[in-house]
Amino acid sequence: MRPKANHSMPGMGTTLVFAWFYDNLLSVAHVGDSRLYRLRGENFEQLTRDHSLLQEQLDSGMITAEEARFSQNKNLVTRALGVDPVVEPEIHDHIAKAGDIYLLCSDGLNDMVEDEEIGLTLQALGSNLALAADQLVQMANDNGGRDNVSVILVKIRGDYSAPQSCWHKLLALLK
Amino acid sequence: MAKLILSMDGLVLKEIPLNKERITIGRKPHNDIQIDNLAISGEHAAIVTILNDSFLEDMNSTNGTLVNGQAIKKHFLRNMDVVELGKYKLKYMSDVSAGTAQADTEKTMILRPGVNRSPEQKRSFTDTQSHVPKPPPAPVVSPSAAIQLLNGGNAGKELELTKTLTTLGKPGLQVAVIAKRPHGYFITHVEGAQFPVVNGESLDAQAHLLKDHDVIEIAGIKMEFFLKA
């Protein structure tokens, strides 16, 4: 690697994805290309958008999703932890539903395993999250495993609304 | 670094490294690659290179630009693409060697936002990173396999194990999964109090490598695993 001043800072930071579950919601914060996906029924979706050169090229229409699979610029992030003293995470709230499965992962997973395969794995093994997580890491390694792979799975088992105070209950009754 | 090999009638004329963000091709002398031929427009095409990816664009040339025989306006170049301008051919060769020479871990790299953004590309990359991902290794393909049901209403029925994961059993009662991996087929318990039984022996929570003609029992259904020639 030949880092040039001000152009890139190779290997000196890390990426983050963070989810906070409260009151039937989740708040997701991310920096870089670590991702959060959601499986809801049969619908498997990426909820975060990478802070990466490739995502910017996709957004500007310079490259198509099909072409992006062959891009040699997969690992260039435009935001990371540990580069500057302060970093601005991207934060979004989502409503959680019983049965949802959330996947937090590093790019070591999604660079090696197609989204469709990840979704099918969660559908097949959703009743045993530990096994599903092992299976995902194994698939990334079987496909070449070029990077380290981090996987966290969270399943919403039921309602988790925040307990309300007496005052809020009283207000609700009066409405 | 990626490069272009210019040839005409099978004769190699020149090798051009893609060492600039933008390389222009045309008949006029100010182009980076000048091709002095009347079939080539003054400003015929341009190649924009962003780190390890290159994009070819036809600059509204009179006779057009072909890639692998297809006329293009804009094209994301892939290794061994052949670009045709009139009688001239340019073969694009991406830097595959850089990928195999590098360390085996693939680190995420960080681009400083807001620095050196040119209006057209948003960013200016004069530095070509030698950090190219390795091409994926050729997948080791397991021989195809199937299971045949031995009892129950569907006895005799065969199920090909074509997918990466095949789940078996009754959800809520007992489920097992067969994972197709490069070095074989593995059965693992997914849910239920009962664990799968293979050749009369109950499995533990670990994945178990299946051998030809193993007999599996899940949720009261017996089935035979076999490899297909």
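The structure displayed is predicted, hence computed values, not measured ones.

I keep staring at the overall build of chain A and nothing clicks. Help me out?
Along chain A, the regular secondary structure elements total six helices and eight strands. Over its C-alpha atoms, taken along the principal directions, chain A stretches across nearly 65 × 40 × 30 Å. In chain A, the proportion of contacts linking residues at least 24 apart, taken out of those at least 6 apart, comes to 63%. When the accessible surface of chain A is summed, it comes to about 9200 Å², and 54% of that surface belongs to carbon and sulfur atoms. Considering chain A, the positive charge centre built from 15 side chains and the negative charge centre built from 24 side chains are found 4 Å apart.

How do you make sense of the nonpolar core when you look at a structure like this?
When a protein is soluble and globular, its nonpolar side chains tend to lie buried together. One finds L103, L109, L122, V151 and L153 of chain A to be the most contacted residues of the largest nonpolar core, which totals 26 residues. Looking at this core, the elements that each hand over two or more residues are β3 (35-40), β7 (101-105), α4 (115-125), α5 (129-142) and β8 (151-155) of chain A together with β16 (174-181) of chain B. Ranked by residue count, the leading element in this core is α5 of chain A, at six residues. Non-local contacts of L122 of chain A, meaning those with residues more than four positions away in its chain, are made with L39, F44, I101, L103, A132, L136 and L153 of chain A. If you look at the next biggest cluster of nonpolar residues, it comprises 21 residues, including L6, A45, I72 and L85 of chain B.

Would you explain the packing of aromatic side chains in this entry?
Two numbers describe a pair of aromatic rings. These are the distance of the centres and the angle of the planes. Scanning all chains against the criterion turns up five aromatic pairs over all chains. The ring of F186 of chain B has R181 of chain B lying over it, and the distance from NZ or CZ to the ring centre is 5.3 Å.

Quick question: what am I supposed to make of the pattern of salt bridges here?
Where charged atoms of side chains with opposite charge meet at close range, the side chains can pair. Residue and element names in this part refer to chain A. This structure, assessed with the given rule, holds 11 salt bridges over all chains. In this structure, R69 and E66 form a salt bridge, with 3.5 Å as the shortest nitrogen-oxygen distance. Through salt bridges with shared partners, a single network forms among E66, R69 and E114.

Could you clarify how one ought to interpret the UniProt feature "domain: FHA" (unreviewed entry) in chain B in this entry?
Residues annotated by UniProt as "domain: FHA" (unreviewed entry) correspond here to residues 23-72 of chain B. Secondary structure content for residues 23-72 of chain B is 0% helix and 48% strand, while the C-alpha to C-alpha distance between its ends is 17 Å.

Can you help me understand the environment of R49 of chain A in this one?
Residue and element names in this part refer to chain A. Residue position: R49 is located in the loop between β4 (43-46) and α1 (53-59). The partly exposed category is assigned to R49, whose relative accessible area is 44%. Spatially, the C-alpha atoms of R49 and A29 are 11 Å apart, while their sequence positions differ by 20 residues. At 2.5 Å, the side chain of R49 and the side chain of D59 are in polar contact.

Looking at this model, I keep getting lost on the pairing of strand β3 (residues 22-26) of chain B. Mind explaining?
For a regular strand, the rule is simple: side chains alternate between the two faces of the sheet. Residue and element names in this part refer to chain B. Of all the five residues making up β3, four are buried; the element is thus mostly covered by neighbouring parts of the structure. For β3 and strand β5 (residues 45-50), the ladder comprises four bridges, and the chain directions are antiparallel. Following the sheet pairing, I23 is matched in β5 by I47. Here β3 runs beside strand β4 (residues 33-34); their pairing, made up of two bridges, is parallel. When the sheet's bridge partners are listed, I25 is paired in β4 with I33.

Mind showing me how you'd approach unusual backbone geometry here?
Outside of glycine, negative phi angles account for most residues, and trans bonds account for most peptide bonds. Residue and element names in this part refer to chain B. Even without being glycine, N68 reaches a positive phi, approximately 50 degrees. Structurally, N68 can be placed in the loop between β7 (65-67) and β8 (70-72). A residue is classified by how much of its surface remains accessible, and N68, at 47% relative accessible area, is partly exposed.

Explanation requested: the sheet that holds strand β15 (residues 165-170) of chain B in the structure shown.
Within a sheet, each strand pairs with its neighbour through backbone hydrogen bonds, oriented either parallel or antiparallel. Judged by pairing direction, the sheet is antiparallel, and its four strands sit side by side in the order β15-β16-β17-β20 (chain B) without closing on themselves. Unpaired on one side and paired on the other, β15 and β20 (208-209) of chain B mark the two borders of the sheet. In this structure, β15 of chain B lies alongside β16 of chain B, joined through six bridges in antiparallel fashion. Looking across to β16 of chain B, one finds that T166 of chain B is bridged to I178 of chain B. Running at roughly 15 degrees to β15 of chain B, α4 of chain A makes contact with β15, β16 and β17 (184-191) of chain B of the sheet. In the packing of α5 of chain A onto the sheet, the strands contacted are β15, β16 and β17 of chain B, and the crossing angle to β16 of chain B comes to about 10 degrees.

I'm lost on the sheet that holds β8 of chain B in this one. Help?
Residues and elements named next belong to chain B. Read from one edge of the open sheet, six strands run β2-β1-β11-β10-β7-β8, paired in antiparallel fashion. Each edge of the sheet is formed by a strand with only one pairing partner; in this case those strands are β2 (11-17) and β8. Taking each pair of neighbouring strands and ignoring which way they run, the sheet shows an average axis angle of 30 degrees. Bridging between strand β10 (residues 82-85) and strand β11 (residues 88-93) involves four bridges; their strand directions are antiparallel. Pairing of E84 across the sheet is with K89, part of β11.

Can you help me understand the confidence of the model for chain B in this one?
The predicted coordinates of low-pLDDT regions are not to be read in fine detail. Residue and element names in this part refer to chain B. On average, residues of chain B score 84 in pLDDT, and 82% of them reach the 70 mark or higher. Across chain B, the element-wise mean pLDDT spans from 49 in helix α1 (residues 96-101) up to 95 in strand β18 (residues 197-198). In the predicted structure, residues 99-105 sits below a pLDDT of 50 and forms 10 contacts with residues beyond four places in sequence or in another chain. This prediction of the complex comes with two scores: 0.73 for pTM and 0.77 for ipTM.

How should I be thinking about α5 of chain A in this particular structure?
Residues and elements named next belong to chain A. The first and last C-alpha atoms of α5 sit 19 Å apart over 14 residues, in line with the 20 Å expected at 1.5 Å per residue. Of all the residues in α5, the buried ones are L131, A132, A133, Q135, L136, M139 and A140. Just past α5, the residue G144 takes up positive phi, approximately 125 degrees.

Calculation criteria
- Residues numbered from 1 in each chain as written.
- Chains lettered and ligands numbered in written order.
- Predicted model: local features only at pLDDT ≥ 70, side-chain atom pairs only at ≥ 80, totals over all residues.
- Heavy atoms only, no water.
- Helix = DSSP H or I, 4+ residues; strand = E, 2+ residues; numbered from the N terminus.
- Contact = heavy atoms within 4.5 Å.
- Areas by Shrake-Rupley, 256 points an atom, 1.4 Å probe, with all protein chains shown as cover.
- Lys, Arg positive; Asp, Glu negative; His and termini not counted.
- Charge placed at Lys NZ, Arg CZ, Asp CG, Glu CD.
- Core = buried A, V, L, I, M, F, W, Y, C linked by side-chain atoms within 4.5 Å.
- Buried < 20%, exposed > 50% of the residue type's maximum accessible area, 1.4 Å probe, protein only.
- Phe/Tyr/Trp six-rings, centres within 6.5 Å; stacked < 30°, edge-to-face > 60°.
- Lys NZ or Arg CZ within 6 Å of the ring centre and 35° of its normal.
- Salt bridge = Lys/Arg side-chain N within 4 Å of Asp/Glu carboxyl O.
- UniProt positions renumbered as here; feature names shortened; annotations may be inferred.
- Polar contact = N/O pair within 3.5 Å; in protein donor to acceptor, adjacent residues only side chain to side chain.
- Pairing = 2+ DSSP bridges.
- Axes fitted to C-alpha atoms, helices over the stretch in contact; angles between N-to-C directions.
- pLDDT = per-residue confidence, 0-100.
- Expected span 1.5 Å × (residues − 1).

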